[in-house]
Amino acid sequence: MLEKKLTDEKAVKRLNRIKLASNELLKLYEDMEYHIKKEIDRVDITNFSLVEVIEHSLEKFEDLKKDTKIEVFVEDVTLNSDQNGFQKMIDNLISNALKYNNEKEGLIKIEYKNKNLTIFNRGKEIDTKNLFVILISFFKKIIQKRVLV
């Protein structure tokens, strides 16, 4: 209702910031709820659209992408999985693709082909030995979380 009534540009921008902050608060609540459910092994498996998850993630990072060109080649397929966890994974991959992309002529390609989802960027390649260190670090975090439970 406010959007329809507001004509002042400053007020419209302020309202948009409030909407973004509200969405972030909602997302924090959903994250907290997800972590609690995950800890008690109650993750919801649902059907959801891959395209919608990717579009939702890209909307979140719209202000961070700057001059980075993002190309999406994804057919609309329905997945049956943990939507919240899947959304987190896509957010993380897109965030990293933006963060570690080439500053000049940045490009991200998101492609779904032959049941494989690929997220490509023009950033520096990760050296094989560093990739191993990253994966070991990731698995240590998972193991520590499971041991604590």
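Look up: the structure comes first, before these words.
How each quantity is defined
- Residues numbered from 1 in each chain as written.
- Predicted model: local features only at pLDDT ≥ 70, side-chain atom pairs only at ≥ 80, totals over all residues.
- Heavy atoms only, no water.
- Phe/Tyr/Trp six-rings, centres within 6.5 Å; stacked < 30°, edge-to-face > 60°.
- Helix = DSSP H or I, 4+ residues; strand = E, 2+ residues; numbered from the N terminus.
- Buried < 20%, exposed > 50% of the residue type's maximum accessible area, 1.4 Å probe, protein only.
- Pairing = 2+ DSSP bridges.
- Axes fitted to C-alpha atoms, helices over the stretch in contact; angles between N-to-C directions.
- 1 Å grid on protein atoms, 1.4 Å probe; cavity = no way out; pocket = protein on both sides within 12 Å on 5 of 7 lines; lining within 4 Å.
- Points joined across faces, edges and corners; volume = space filled by probe spheres on them.
- Nonpolar A, V, L, I, M, F, W, Y, C, P; charged D, E, K, R; others polar.

A separate point is the packing of aromatic side chains. Evaluated as defined, the whole model comprises 1 aromatic pair. Pairing Phe-48 with Phe-86 gives two aromatic rings, centres 5.6 Å apart and planes at 50°, and the pair type is tilted. Taken as a pair, Phe-48 in strand β1 (residues 45-49) and Phe-86 in helix α4 (residues 83-99) lie far apart in primary sequence, 38 residues in all. Grouping residues by exposure puts Phe-48 and Phe-86 together as buried.

A sheet is described by the order of its strands in space; here 3 strands give the open sequence β2-β4-β5, paired in mixed fashion. The open sheet is flanked by β2 (69-73) and β5 (116-121), the only strands paired with a single partner. The sheet shows a mean angle of 10° between the axes of neighbouring strands, direction not considered. Note: strand β4 (residues 107-113) against β5, 6 bridges, orientation antiparallel. Bridge pairing in β5 links Tyr-112 to Leu-117.

Over the atoms a probe the size of a water molecule is rolled, and this reveals where empty space is left. Of the pockets and cavities examined, the second largest pocket occupies roughly 400 Å³. Lining the second largest pocket are Leu-20, Asn-23, Glu-24, Leu-26, Lys-27, Glu-30, His-56, Glu-59, Lys-60, Glu-62 and Asp-63. Those elements that place two or more of their residues in the lining of the second largest pocket are α2 (9-39) and α3 (50-60). Looking at the lining of the second largest pocket, the element that brings in the most residues is α2, giving 6 residues. Of the residues belonging to the lining of the second largest pocket, the class tally is 2 nonpolar, 2 polar and 7 charged.

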